[in-house]
Amino acid sequence: LPKSLSAPLMADLLAALASASASVRAFLPSCVDEALPVGAEALLLSAAAVLLFGNVLAAVPLARLGQNGGAGYSTVILGYDNSRGEWSLLATACIFLPYALLLPLLPPARAALAAACVALLACYYFLGMHASHPGAARVSKILRQPQWADKTHFLAAGWRCAVAEESHRVTEAALPGCKLTGEPAGRQMWHRVPTPDGAKASVGFNPQTNPNPADALWREQRETAWRAAGKAVPDASWKVSSVLDAVRKAMAWYGVLQADDGHWAGDYGGPHFLMPGLIVVWYVTGRTDSMLSPDARAAMAHYLRVHQQLDGGWGMHIESPSTMFGSCMSYIALRCLGTTRDDPALEKGRVFIHSYGGGIYTGSWAKFYMCLLGVMDWEGHHPIPPELWLLPDWLPFHPGRLWCHCRMVYLPMCYLYGKRFVYPDAETDPMITSLREELYCQSYASIDWHSTRDLVAEIDNYSPVHPLMKVANAALAVYEHHAGGFKEWVRCRGLRFAIEYIGAEDLQTNFIDIGPVNKVLNMLSRYVEAGCTQHTDAFRRHLARVPDYLWVSEDGMKMQGYNGSQGWDTSFALQAFAEGGLCDEFPEMVSKAYAYLERTQILCSPAARNSPAIQFENCEARKRYYRHVSEGGWPFSSSAHGWPISDCTAEGLKAVLAMRNVRCISERCAVIEDERIFKAVNVVLTLQNVDGGFATYENNRGYRWYEWLNPSEVFGDIMIDYSYVECSMASLSAIYAFHQAYPEHRTREVQEAISAGRRFIKSVQRADGSWYGSWACCFTYGT
């Protein structure tokens, strides 16, 4: 026996193994019983533990789903916790103990080797590889620079932004019988009011000067409203006399810009591949004005034209040099909007696309939209089988472990792939026939689609597909063509779960959905589910929420990367006001901003609690749909959106705490009660990972090696929710501020969370003293 184990302890362990072995053998036929080796017994015992803790005892007790034992360490339920993506310590011990008990039966040398292997695996798991943080800057830098024509463009005049309750009234008037749900605060909706023909916006846009617009239309609207109320707009006549006076002038300007419901609005656009996806879905679902009005379509075409670069292409985003992804998507969008193929802009676009090999060399996401439109065969796209959702949650790889943005995009993708949806009129629509000629360097009929699946232009190959993913794609292709009846049987069940999950996401977010890509694909999925008809309640409710993502600046109408950044911007503004010490000089502005945060705490306002989202906050629904706890958090944008984020909740909490002793708040506002503060800090505490850091929307559920299975060439580090230094800093400082205000509430957990968070932040500091950030300008933001 190993000297480290006493004889009595060894006897107890062997007795336990004998007892468990007898239990296993009792269920086996005698012929199997006699031949069963000890190693097979251990395997069966371990497998039985996996099934027991992964299924029977998964999420037991259900009320503790997603909670941790303190400092982000270890789930507190008995079995597998799919909200945290981890097994309990008890389950882990029961799964691996049978193998450990085999060690005394091995020769000493083999026992030592096996023990070393087990120790290494334990170190890998317990030292935080499960909750890894993203790497630093990529080696393959983009060396090309974007260039545009030095020309100023002017958008058609008449655009106006309605917010909150007014935006609901505008939408419901445009869609009679459709009632918006959720908290109205924070909603932004641009629409065009009657304007003389030919009238242009007062401010133009020149991308060569700056590809980022200045939000001149929104600022002009706010200044006009401010002056109409008889108030003066700060200008150069206000001569700043001190630092405090500079703060005062800045706060006065913020008062001008503040929306009527108390938030600060702004352009959250940038990516060029978002709006084309919406336009494709608009085209294949019937091209109705109720989704995109003629004014909206004209403003979208204006946006696409002014951002086209001198080489004829479009970037992946407004500051990017031209890429095949951005160019193919933008080109297709202009064609769908009615631009003819002989338009000079599209002639230049074709030259760029053909110079890189044609449409078969664009990124996989663009190929997906091209398949939907009918300008690429589905054989040109790698499989996205919906039956992956039927795998047990506890497997090392499961789609429920993916980062939520990745998960919620590939969810409708797998549904539409499983249905092999193609625009119903693709074979008779002359525009589709023409696009099949325009996009490729060879005839459409001659393309061997299967051989094009892995093709991607080098300018798009930011995150090359890993060899492991190529092997997985090859295996899925074999499965797709040769699995026969079994595939059809499991696919039907996978499709049923996928559309159920899509419907749950729609209701949880009041049909806004987590982001613009899954928004339009969810909408298309509900259209396909209904037999390709718009005449369903679900599709109409989707239509009503399309404007939530559309913003108009002097460069035209674009689709934002979110439905705004209202909560984020308002939280920081309030904290800055508190630090400036001048809140009581601006009581109306400050109290309106505080009231906005009060209304947008998730599932806390009356309107939010009366929405369908509240029914999905129970633990059973969260377990089924892989959702983290939401109630009490703050969103990046609006309460109706419904997805809380660690740093957004943290900044909202800090802003509310900073206002607790401000006189104008106590006099003018209903102060947020303690119970809601406790719910907010609970959201933050549950989001701490086992390494002490904090991810974004959920705990890290996967592993670093998930990135080897990233199917997208144009996005990196998208597969799991990492521990980020920015999220960790915000969460840590919020927990500390909460502890100062409520020192008696969950004292031990709070103190342990602070200690673990501090260790994490110190552990990811680079040798040169900097921190690498991921959510803004890298080192500047992170440090």
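Only a predicted model underlies this, so the values are computations on that prediction, with no experimental measurement involved.

A. Representation of the overall build of the protein chain within the structure. If you tally the helices and strands in the protein chain, you get 29 helices and eight strands. Taking 2.2 N^0.38 as the reference for a compact globule, 783 residues should give roughly 28 Å; the C-alpha atoms of the protein chain span a radius of gyration of 28 Å, in line with that estimate. Structurally, the protein chain occupies a C-alpha span of about 95 × 75 × 55 Å along its principal axes. Counting the 783 residues in the protein chain, one finds 57% classified as buried. Accessible surface, the protein chain: about 31,700 Å² in total, of which carbon and sulfur atoms supply 60%. Side chains of the protein chain give 68 positive and 77 negative charges; the mean places of these two sets differ by 1 Å.

B. Representation of the environment of Pro184 in the model. Tracing the backbone shows Pro184 in the loop between α6 (164-174) and β4 (188-192). Taking relative accessible area as the criterion, Pro184 reaches 12% and is therefore assigned buried. Here the alpha-carbon distance between Pro184 and Pro61, two residues 123 residues apart in the chain, equals 36 Å. Sequence-distant contacts of Pro184, that is, excluding residues within four places in its chain, are made with Ala164, Glu165, His168, Arg599 and Ala607.

C. Highlighting the packing of aromatic side chains. Inspection of every chain in the model, using the stated rule, returns 46 aromatic pairs. Arranged with centres 5.1 Å apart and planes meeting at 80°, the rings of Trp190 and Trp551 form a pair that is edge-to-face. Residue Trp190 is located in strand β4, and its partner Trp551 is located in strand β7 (residues 550-553); the two are separated by 361 residues in the primary sequence. Summarising the aromatic geometry, the rings of Trp389 and Tyr501 are spaced 5.3 Å apart at their centres and angled 90° between planes, so their arrangement reads as edge-to-face. Here Tyr501 lies in helix α17 (residues 484-508) and Trp389 lies in the loop between α13 (364-373) and α14 (404-419), a separation of 112 residues in the sequence. A residue is classified by how much of its surface remains accessible, and Trp389, at 7% relative accessible area, is buried. These aromatic residues form a ring-pair network of at least three members: Trp389, Phe497, Tyr501, Phe616, Tyr625 and Tyr626. When the ring centre of Trp226 is taken as reference, the NZ or CZ atom of Lys231 above it lies at 4.3 Å. The ring of Tyr283 has Arg287 lying over it, and the distance from NZ or CZ to the ring centre is 4.3 Å.

D. The arrangement of the pattern of salt bridges in detail. Tallying each qualifying case throughout the model produces 43 salt bridges. Between Glu223 and Arg227 there is a salt bridge, with its nearest N and O atoms 3.3 Å apart. In this pair, Glu223 and Arg227 both sit in helix α7 (residues 216-228), four residues apart, roughly one turn of the helix. The partly exposed category is assigned to Arg227, whose relative accessible area is 48%.

E. Local environment of the side chain of Asn699. Here Asn699 is to be found in the loop between α26 (674-686) and α27 (725-741). Judged by relative accessible area, which is 2%, Asn699 ranks as buried. Only 3.4 Å separates the side chain of Asn699 from the backbone oxygen of Leu687, close enough to count as a polar contact.

F. Looking closely at α17. The end-to-end C-alpha separation of α17 is 36 Å, in line with the 36 Å expected for 25 residues at 1.5 Å each. Of the residues flanking the end of α17, it is Asn510, one or two places downstream, whose phi is positive at about 55°.

G. Region of the structure containing the environment of His307. Secondary-structure assignment places His307 in the loop between α10 (294-306) and β5 (314-315). Judged by relative accessible area, which is 1%, His307 ranks as buried. When the C-alpha positions of His307 and Gly556 are compared, they lie 9.9 Å apart, and in sequence the two are 249 residues distant. Apart from residues lying up to four places away in sequence, His307 is in contact with Trp148, Phe205, Pro211, His272, Trp314, Ile318 and Asp555.

H. The pairing of β4, seen in detail. Counted residue by residue, β4 has four buried out of five residues, so it is predominantly covered. In terms of strand pairing, strand β3 (residues 159-163) meets β4 through five bridges, oriented antiparallel. Looking at the pairing, Arg160 lines up with His191 of β4.

I. Layout of the pairing of strand β8 (residues 556-559). Pairing of β7 with β8, which is carried by four bridges, proceeds in the antiparallel orientation. Residue Trp551 lies in a different strand from β8, and its bridge partner there is Lys558. Once β7 ends, the chain turns through two residues before running back antiparallel as β8.

J. View of the packing of helix α8 (residues 243-257) against helix α20 (residues 566-580). At their nearest, the axes of α8 and α20 sit 11 Å apart, and the two run at 150° to each other. What the angle tells us is that α8 and α20 run roughly antiparallel. Where α8 crosses over α20, the handedness of that crossing is left-handed. Along the contact surface, α8 presents Leu244, Val247, Met251 and Tyr254, while α20 presents Ala573, Phe577 and Gly580. Of the residues contributing to the contact of α8 with α20, the split by class is six nonpolar, one polar and no charged.

K. Molecular detail of the nonpolar core. Within the largest apolar cluster, 191 residues are counted, with the highest numbers of intra-cluster contacts made by Leu278 and Leu373. Here this core takes eleven residues from α14, the largest share from any one element. The contact partners of Leu373, leaving out residues within four places of it in the chain, are Val280, Tyr283, Val284, Ile332, Cys336, Tyr423, Ala426, Ile432 and Leu435. Core analysis: the second largest hydrophobic core is formed by eight residues, Ala49, Tyr80, Trp87 and Ala91 among them.

L. Structural context of helix α21 (residues 587-600). The end-to-end C-alpha distance of α21, which contains 14 residues, comes to 20 Å, matching closely the 20 Å that a straight helix rising 1.5 Å per residue would cover. The inward-facing, buried residues of α21 contact α8, α20, α24 (646-658) and α25 (663-668).

M. Geometry of the packing of helix α11 (residues 324-336) against α13. The contact between α11 and α13 brings their axes to 9 Å, and the two run at 25°. In terms of orientation, α11 lies roughly parallel with respect to α13. Considering how the two elements wind past one another, α11 and α13 form a crossing that is left-handed. Along the contact surface, α11 presents Phe325, Met329, Ile332 and Cys336, while α13 presents Trp365, Ala366, Tyr369, Met370 and Leu373.

N. Just a nonpolar patch on the surface, in detail. Residues Leu43, Phe96 and Tyr99 make up a contiguous nonpolar surface patch of roughly 310 Å² in combined accessible area. The residue Leu43 is located in helix α3 (residues 38-56) in this model.

The rules behind the values
Note that residues are indexed from 1 along each chain, following the sequence as it is written. The model is predicted, so local features are restricted to residues of pLDDT at least 70 and side-chain atom pairs to those at 80 or more, both for listing and for counting; the totals for chains, interfaces and linings are taken over all residues. With hydrogens and water set aside, each side-chain value is computed from the structure's full complement of heavy atoms. Under the DSSP-based scheme used, a helix requires at least four consecutive residues in state H or I and a strand at least two consecutive residues in state E, with every element numbered from the N terminus. Note that the radius of gyration is over C-alpha atoms, with the globule rule given as 2.2 Å times the number of residues to the power 0.38. Each residue is assigned to one of three classes by its accessible area relative to the maximum for its type, calculated with a 1.4 Å probe on protein chains only: buried under 20%, partly exposed between the two thresholds, exposed over 50%. For the area figures, the Shrake-Rupley method with a 1.4 Å probe applies, and any residue is considered shielded solely by the protein chains shown. Residues scored as positive are Lys and Arg, those scored as negative are Asp and Glu, and His as well as the terminal groups of each chain are ignored. Taken as the charge location is NZ of Lys, CZ of Arg, CG of Asp or CD of Glu. By definition, residues are in contact when any of their heavy atoms lie within 4.5 Å. Pairing of aromatic rings covers Phe, Tyr and Trp, the last through its six-membered ring, and needs centres within 6.5 Å; plane angles under 30 degrees mean stacked, over 60 mean edge-to-face, and all others mean tilted. Think of it as a cone above the ring: NZ of Lys or CZ of Arg counts as a charge over the ring if it is within 6 Å of the ring centre and within 35 degrees of the ring normal. Criterion for a salt bridge: a side-chain nitrogen of Lys or Arg within 4 Å of a carboxyl oxygen of Asp or Glu. Identification of polar contacts relies on pairs of N or O atoms within 3.5 Å, with a donor-acceptor requirement for protein atoms, meaning one able to donate a hydrogen and the other able to accept it, and with residues adjacent in sequence counted only if both atoms are side-chain atoms. The span expected for a helix works out to 1.5 Å for each residue beyond the first. Only strands joined by at least two bridges in the DSSP assignment are considered to pair. Structural elements are reduced to axes, namely lines fitted to C-alpha atoms, with helices fitted over the stretch in contact, and the angle between N-to-C directions of any two is expressed from 0 to 180 degrees. Orientation categories follow fixed angle ranges, with anything under 35 degrees roughly parallel, anything over 145 roughly antiparallel, 65 to 115 roughly perpendicular, and all other angles oblique. In this scheme the crossing of two helices becomes right-handed for a clockwise turn of the near helix relative to the far one and left-handed for an anticlockwise turn of less than a right angle. Three categories are distinguished: nonpolar for Ala, Val, Leu, Ile, Met, Phe, Trp, Tyr, Cys and Pro, charged for Asp, Glu, Lys and Arg, and polar for the others, with Gly belonging to the last. Buried Ala, Val, Leu, Ile, Met, Phe, Trp, Tyr and Cys residues that are joined via side-chain atoms within 4.5 Å together make up what is termed a nonpolar core. Exposure above 30% relative accessible area and no salt bridge define the residues that can form patches, which grow by joining like charges within 9 Å and nonpolar side chains of Val, Leu, Ile, Met, Phe, Trp and Tyr within 5 Å.

Everything listed is a geometric property; what it means functionally is a separate question.
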